[in-house]
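One letter stands for each residue in the lines below.
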Amino acid sequence: SEATITLRITASGRTPEECFAAMAPTEAIIQECLGSLVFGYEDDELPDAVVRLLAGRSETLAMAEWGTAGLVAQWLGDVPGADAVVRAGLVVSDSAALKWLLQLPQSIVEQHGEISSEVAAAMATACRERANTEFSLAIGKFPAFDPTASEPASYYFALASREGVVVRSSPYAAHPSILKSRAGKQALNLLRLKLQAFEKRAP
């Protein structure tokens, strides 16, 4: 569903308690096999998990979105309590906006191109600095979608924190109806995994 995989477990029994008990071994196997890929249960969505992790650490997030055009900010804004942890969401529609919204020098785009790891990293870094948050996500410009290409072009997204910037790329390939959702969820999941890693390192 919108680039999210949902697993459903069914069982029969005389009571709800019997059903839950019958499902428990299967649930344990799924958790053991998938590990950190599992982000929630029942009605939990990825934005819910991210807001919960941020709130648990009393840390804040800002976003700069190009290709996803504010989709991630919209998801997070629908989560109860998000206003306590999501400080800002910027939508960039062209490279000129990088200068007047994020104060990025045009030379970065001229040297590396609009669709590049360097621009995504600079977006995330500038967004975090300007919003004064612990974390920031940046999703760069998407390439033109060409279903006939032998190899899909890639897009870049980045996560900035006090530890530095992590940039990832992904092929711009999926059904056109879920391309934006898939990209947004990949970026959110990068943050989720980072927050979970912090939790594991905590004493």
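Every chain is numbered on its own, with residues counted from 1 as its sequence reads. Side-chain atom pairs in this predicted model are given and counted only at pLDDT of 80 or more, local residue features only at pLDDT of at least 70, and totals for whole chains, interfaces and linings cover all residues. Side-chain numbers come from the whole structure's heavy atoms, not from hydrogens or water.

Caption draft 1: Broad picture of the overall build of the protein chain. Counting from the N terminus, the helices are DSSP H or I runs at least four residues long and the strands are E runs at least two residues long. Across its full length, the protein chain holds seven helices and five strands. Projected onto the principal axes, the alpha-carbon positions of the protein chain cover approximately 70 × 45 × 30 Å. For the protein chain, buried positions account for 38% of its 203 residues. Only the protein chains shown count as covering a residue, and every accessible area follows the Shrake-Rupley method with a 1.4 Å probe. If you sum the accessible surface of the protein chain, you get close to 11300 Å²; carbon and sulfur atoms cover 52% of it. Computed over 18 positive and 24 negative side-chain charges, the inter-centroid distance for the protein chain is 5 Å. Residue burial is assigned from relative accessible area. The probe radius is 1.4 Å, only protein chains are included, and a residue is buried under 20% of its type maximum, exposed over 50%, and partly exposed in between. When charges are counted, neither His nor the chain ends are considered; positive counts come from Lys and Arg and negative counts from Asp and Glu. Charged groups are reduced to one reference atom each: NZ for lysine, CZ for arginine, CG for aspartic acid, CD for glutamic acid.

Caption draft 2: Broad picture of unusual backbone geometry. Its identity is not glycine, yet Gln103 carries a phi of approximately 60 degrees, on the positive side. Relative to the helices and strands, Gln103 is located in the loop between helix H4 (95-102) and helix H5 (106-112). Assessed through its relative accessible area of 58%, Gln103 is described here as exposed. Phi is positive for Asn132, which is not a glycine, with a value near 55 degrees. Within the secondary structure, Asn132 sits in the loop between helix H6 (117-131) and strand S3 (135-139). According to the relative accessible area criterion, Asn132 is exposed, its value standing at 59%.

Caption draft 3: Geometry of the sheet that holds strand S5 (residues 164-171). Strand order in this open sheet of five strands is S2-S1-S3-S4-S5, and the pairing throughout is mixed. Edge positions in the sheet fall to strand S2 (86-91) and S5, since each of these pairs with one other strand and no more. When the angles between neighbouring strand axes are averaged without regard to direction, this sheet yields 15 degrees. Note on pairing: two strands pair once DSSP finds at least 2 bridges between them. With five bridges joining them, strand S1 (residues 61-65) and S3 adopt parallel strand pairing. In this analysis, axes come from line fits to C-alpha atoms, helices being fitted only over the stretch in contact, and the angle between any two N-to-C directions falls in the range 0 to 180 degrees.

Caption draft 4: Expanded view of the packing of aromatic side chains. Working definition: rings of Phe, Tyr and Trp (its six-membered ring) pair if their centres are within 6.5 Å, and the pair is stacked with planes under 30 degrees apart, edge-to-face with planes over 60 apart, and tilted otherwise. Per the stated rule, a full pass over the model turns up four aromatic pairs. Measuring from centroid to centroid gives 4.8 Å for Phe142 and Tyr172, while their planes differ by 35 degrees, and the two rings are tilted. A residue pair is termed long-range when its members are at least 10 positions apart, and Phe142 in the loop between S3 and strand S4 (154-161) and Tyr172 in the loop between S5 and helix H7 (179-201) qualify at 30 residues. We classify Phe142 as buried; its relative accessible area is 11%. Of the residues examined, Tyr172 reaches a relative accessible area of 11% and is grouped as buried. With centroids separated by 5.9 Å and ring planes inclined at 85 degrees, the aromatic side chains of Tyr155 and Tyr172 adopt a geometry described as edge-to-face. In this pair, Tyr155 is assigned in strand S4 and Tyr172 in the loop between S5 and H7, connecting sequence segments 17 residues apart. Since its relative accessible area comes to 1%, Tyr155 is described here as buried. Here a set of aromatic residues connected by ring pairs shows up, and it is made of Phe142, Tyr155, Phe157 and Tyr172.

Caption draft 5: Region of the structure containing the side chain of Ser161. Here Ser161 shows up in strand S4. Judged by relative accessible area, which is 7%, Ser161 ranks as buried. We call two residues contacting when some pair of their heavy atoms lies within 4.5 Å. Excluding residues that lie within four positions of it along the chain, Ser161 makes contacts with Arg128, Glu134, Phe135 and Lys194.

Caption draft 6: Up close: the side chain of Ser136. Take Ser136: it is sitting in strand S3. Polar contacts involving the side chain of Ser136 include one to the main-chain carbonyl oxygen of Ala124, which spans 2.5 Å. For the purposes of these results, a polar contact is taken to be a pair of N or O atoms within 3.5 Å, where, inside protein, one atom must be able to donate a hydrogen and its partner to accept one; residues adjacent in sequence count only when each atom of the pair is a side-chain atom.

Caption draft 7: Local environment of the environment of Arg8. Considering the arrangement of structural elements, one finds Arg8 in the segment before helix H1 (16-34). Owing to a relative accessible area of 73%, Arg8 belongs among the exposed residues under this scheme.

Honestly, that's just the spatial picture; any functional story needs more than this.
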